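# Structural characterization, general
Spelled out, the chains give:
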Amino acid sequence: MILMNDFKAEPPELREAMQGAVRRVLESGWYVLGNEVAAFEKQWASACGVAHAVGVGNGMDAIEIALRALDIGSGDEVITTPMTAFATVLAIIRAGATPVLADIDPQTALLSVESAERCITPRTRAVVLVHLYGQVRNMDAWTAWCGKRGITLVEDCAQAHLATWHGKVAGSFGAAGAYSFYPTKNLGAPGDAGMLVSDAGALAQRAGRLRNYGQSVRYQHPELGMNSRLDEIQAAMLSERLKWLPEFTKRRREIADAYHARIKNPLVRQLAPPEQPSAHVYHLYVIACEQRDQLQAHLQQHQVQSLIHYPVPIHKQEPCSDIARDPHGLSNSERHAAICLSLPCHPQMSDNDIALVIAAVNSFQGD
Ligand SMILES: *Cc1c(COP(=O)(O)O)cnc(C)c1O
């Protein structure tokens, strides 16, 4: 079976380096907020081209902490997309703010500026822009729109590790960027981990407090925070895994290029290619097919695993049925949820695996 992710197939050198990192932490006797976290924060800030990075417990908390550090909460509206991980919207709600859902562009599945425009009210404070599937796109339009409207841009970079648009890295366009290092992400820890990145020193300092009970110096709590610290073992392993990220991303792009060139099936539609090769890191390779469920069953029969990102848009989730939205509705998101399918696209795939996936998709004949 060709899997969506295959950690056990990772290079033995990488596994050994991770074991060495764990040993290093155990022997240091320091487990929370120490040198490993500080070192990885520095490496990640530098990779993103920003001044500051704050290690946190996971990607969802990174979004919540970013909003709270920006004083966005009760009474404030935050525009985002219904075609995202549930964590994006849950983080907005956890911060005390009110999510408002704008529709997507069907060619990319990314948030539509025109729909976001229709969602603006006097209470709109921020947009959480999700770089879905690993694509960073249209950033001149987003930064200009946010600037003109006085809206704060927060980037959900959980799927877009180091995707680069015209020389700028995901997470460096807005007031803050939120990264997740959940195991399946392009840079994944063997556990939960996340990071907030920002150029603003004051915001980073406040985020550093919020992740640690709101503590400024030991036993002083000028505000109420949370417990969302990145731990030393995960940070040490992430430092080792970061060394492999460029090579892994290159392989994801090779796989995507092969799919783009060689998947030729009139029943399958490809999404729009990136504006430049660096602007997509292919966390997921997503196609669209009207007979999606039949295609998925066909792939399964041909030993190809696939998943759906996402089968249920946020406003169709039970606790979110009343969320405010574009007055024109969210029909593009609903359509995409019904037809999208994610193919295996991970760095451990062989050329033969790629050929097998392509052949399996191309042999699908539908009803
Ligand atoms: C994974 C993901 C998150 C949440 O990250 P966690 O580390 O699992 O909390 C948020 N947004 C998007 C788009 C994601 O893919």
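Everything in this summary refers to the structure shown in the same document. The structure displayed is predicted, hence computed values, not measured ones.

To continue, consider the packing of helix α9 (residues 245-262) against helix α12 (residues 351-362). Where α9 meets α12, the axes come as close as 10 Å, and the angle between the chain directions of the two elements is 30°. Between α9 and α12, the crossing angle belongs to the class labelled roughly parallel. The two elements α9 and α12 cross, and the hand of that crossing is right-handed. For the pair formed by α9 and α12, the contact residues are R251, I255, A258, Y259 and R262 on the first element and D351, I354, A355, V357, I358 and N362 on the second. Its residues placed into classes, the contact of α9 with α12 shows 7 nonpolar, 1 polar and 3 charged.

In terms of nonpolar packing, the biggest core is built from 44 residues, with F40, W44, V127, W142, W145, Y179 and F181 touching the most fellow members. Put simply, the parts of the chain that give this core at least two residues each are α2 (35-48), α5 (113-118), β4 (124-130), α6 (139-149), β9 (194-198) and α8 (232-242). Excluding anything up to four places from it in sequence, W142 contacts L111, S112, V113, A116, V127, L129 and R137. Counting 39 residues, the second-largest nonpolar core is a separate cluster that includes M4, I255, Y282 and Y285.

Tallying each qualifying case throughout the model produces 9 aromatic pairs. Their ring planes at 35° and their centres at 6.3 Å tell us that F40 and W44 sit as a pair that is tilted. Taken as a pair, F40 and W44 lie in helix α2 at a separation of 4 residues, close to a single helical turn. W44 matches F40 in its accessibility class, with the two residues each being buried. One aromatic cluster in this structure is built from F40, W44, Y179 and F181.

A separate point is helix α3 (residues 59-69). The element α3 is extensively covered by neighbouring structure, given that 9 of its 11 residues are classed as buried. Regarding α3, the residues found buried are G59, D61, A62, I63, E64, I65, A66, L67 and A69. The residue sitting at the N-terminus of α3 and contributing the capping side-chain oxygen is N58; that oxygen lies 3.1 Å from the backbone nitrogen of M60. At the exit of α3 stands D71, carrying a positive phi of roughly 60°.

Residues in close proximity to the ligand total 15 residues, the closest being G59, M60, D156, S180 and K185. At 2.7 Å, a side-chain N or O of K185 approaches an oxygen atom of the ligand. Here the ligand loses 89% of its free accessible area of 390 Å² to cover by the protein chains. Counting only elements with at least two residues in the shell around the ligand, the list comes to α3 and α4 (86-94). Looking at the shell around the ligand residue by residue, the class counts come to 7 nonpolar, 6 polar and 2 charged.

Within the element layout of this structure, T81 appears in the loop between β2 (77-80) and α4. At 2.9 Å, the side chain of T81 forms a polar contact with the backbone nitrogen of M83. Dropping the residues within four chain positions of it, T81 is found in contact with V89, L101, A102, I104, L111, V130 and I314.

With the rule as written, the count across this model stands at 20 salt bridges. Linking R24 and E240 is a salt bridge whose minimum nitrogen-to-oxygen distance equals 3.3 Å. Linking R24 in helix α1 (residues 12-28) with E240 in helix α8, this pair joins segments that are 216 residues apart in sequence. Residue classification places E240 among the buried residues on the basis of a relative accessible area of 11%.

Reading across from one edge, β10-β11-β13 is the order of the 3 strands in this open sheet, with antiparallel pairing throughout. This sheet does not close on itself; its edge strands, each paired only once, are β10 (268-270) and β13 (340-343). Strand-to-strand twist of the sheet, defined as the mean angle between neighbouring strand axes without regard to direction, takes the value 40°. When strand β11 (residues 285-289) meets β13, the two strands line up antiparallel, connected through 4 bridges. Bridging across to β13, V286 finds its partner in S342. Of the strands in this sheet, β10, β11 and β13 touch α9, which is tilted by about 25° from β11. Most of the contacts of helix α11 (residues 331-339) go to β13, to which it runs at about 50°, and overall it touches β10, β11 and β13.

Another aspect to go through is unusual backbone geometry. The step from H309 to Y310 runs through a cis peptide bond, and the omega angle for that step is 10°. By the element assignment, Y310 lies in the loop between α10 (292-301) and β12 (324-325). Phi is positive for Y219, close to 70°, though the residue is something other than glycine. In this structure, Y219 sits in the loop between α7 (201-210) and α8. Phi is positive for Q303, which is not a glycine, with a value near 65°. Locating Q303 in the fold gives a position in the loop between α10 and β12. A residue is classified by how much of its surface remains accessible, and Q303, at 44% relative accessible area, is partly exposed.

As for its position among the elements, S278 is in the loop between β10 and β11. Using a relative accessible area of 26% as the deciding quantity, one classes S278 as partly exposed. Separated by 142 residues in sequence, S278 and V136 place their C-alpha atoms 9.0 Å apart. Non-local contacts of S278, meaning those with residues more than four positions away in its chain, are made with A163, T164 and R253.

Cut-offs and rules
- Residues numbered from 1 in each chain as written.
- Predicted model: local features only at pLDDT ≥ 70, side-chain atom pairs only at ≥ 80, totals over all residues.
- Heavy atoms only, no water.
- Axes fitted to C-alpha atoms, helices over the stretch in contact; angles between N-to-C directions.
- Helix = DSSP H or I, 4+ residues; strand = E, 2+ residues; numbered from the N terminus.
- Parallel < 35°, antiparallel > 145°, perpendicular 65-115°, else oblique.
- Left-handed = near helix turned anticlockwise from the far one by under 90°.
- Contact = heavy atoms within 4.5 Å.
- Nonpolar A, V, L, I, M, F, W, Y, C, P; charged D, E, K, R; others polar.
- Core = buried A, V, L, I, M, F, W, Y, C linked by side-chain atoms within 4.5 Å.
- Buried < 20%, exposed > 50% of the residue type's maximum accessible area, 1.4 Å probe, protein only.
- Phe/Tyr/Trp six-rings, centres within 6.5 Å; stacked < 30°, edge-to-face > 60°.
- Polar contact = N/O pair within 3.5 Å; in protein donor to acceptor, adjacent residues only side chain to side chain.
- Near = heavy atom within 4 Å.
- Areas by Shrake-Rupley, 256 points an atom, 1.4 Å probe, with all protein chains shown as cover.
- Salt bridge = Lys/Arg side-chain N within 4 Å of Asp/Glu carboxyl O.
- Pairing = 2+ DSSP bridges.

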